[in-house]
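These are the residues of each chain, in order.
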Amino acid sequence: MLVAGVDSGTQSTKVVIVDIERGDVVAEGRAPHVVQGDGAVRESDPETWYEALATALAQTALASQVDAISIAAQQHGLVLLGKDSRPLHRAILWNDTRAAQDATDLVRALGGPGAWATTI
């Protein structure tokens, strides 16, 4: 039985295929994600994440034999979808810091960290 482990991270998608009866990694694949932006900006086209998954799986040459799949992915990104469920814009990634000062100002305006800790 073959299981694919997928990690769709900020900069790439990685795949390992494991023979679970032997516990061996029998194949691997990896495809990059393009991260765009300068300074505080970090964005990526969500459409390329699917392409990276397909590429990484193809590199294993075992994708058609996989019995199960486990997926881990980057968190705290913003993907805005239109009515057609397609991305409207590049995803704003977790490490984009454009709103950092706004967040600090909001916490301060609402009473500081202590007020947030007791209110929420």
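Report on the accompanying structure. Predicted, not measured: the structure shown is a model, and the values here were computed from it.

A few points about the sheet that holds strand β1 (residues 2-8)
Read across the open sheet, the 4 strands follow the order β3-β2-β1-β5; overall the sheet is mixed. The sheet is open, and its two borders are formed by β3 (24-32) and β5 (68-73), each paired with just one other strand. Taken pair by pair, the neighbouring strands of this sheet meet at an average axis angle of 15°, ignoring direction. Packing against the sheet, helix α1 (residues 46-60) makes contact with β1, β2 (12-19) and β3, and its axis sits at approximately 145° to β3.

What about the pairing of β2?
Sheet topology places β1 next to β2; 7 bridges connect them, and they run antiparallel. By the bridge assignment for β2, Val 3 is matched with Val 18. Two successive antiparallel strands, β1 and β2, enclose a turn made up of 3 residues. With 8 bridges connecting them, β2 and β3 associate as antiparallel partners. Counterpart to Ser 12 in the pairing with β3 is Pro 32. With antiparallel pairing between neighbouring strands as the criterion, β2 and β3 make up a hairpin whose turn holds 4 residues, including Gly 23 at a positive phi of roughly 80°.

Section: the environment of Gly 111
Along the chain, the position of Gly 111 falls in the loop between α2 (100-109) and α3 (112-119). We classify Gly 111 as exposed; its relative accessible area is 53%.

Some details on the pattern of salt bridges
Going through the model one piece at a time under the given rule, you end up with 8 salt bridges. Between Glu 47 and Arg 86 there is a salt bridge whose closest N-O contact spans 3.0 Å. One end of the pair, Glu 47, is in helix α1; the other, Arg 86, is in the loop between β5 and β6 (91-92), and 39 residues separate them in sequence. Classification of Glu 47 as partly exposed rests on a relative accessible area of 28%. Arg 98 is the partner of Asp 96 in a salt bridge, and the nearest nitrogen-oxygen pair spans 2.6 Å. For Asp 96, a relative accessible area of 13% corresponds to the buried category.

What counts and how
Residues numbered from 1 in each chain as written. Predicted model: local features only at pLDDT ≥ 70, side-chain atom pairs only at ≥ 80, totals over all residues. Heavy atoms only, no water. Pairing = 2+ DSSP bridges. Helix = DSSP H or I, 4+ residues; strand = E, 2+ residues; numbered from the N terminus. Axes fitted to C-alpha atoms, helices over the stretch in contact; angles between N-to-C directions. Contact = heavy atoms within 4.5 Å. Buried < 20%, exposed > 50% of the residue type's maximum accessible area, 1.4 Å probe, protein only. Salt bridge = Lys/Arg side-chain N within 4 Å of Asp/Glu carboxyl O.

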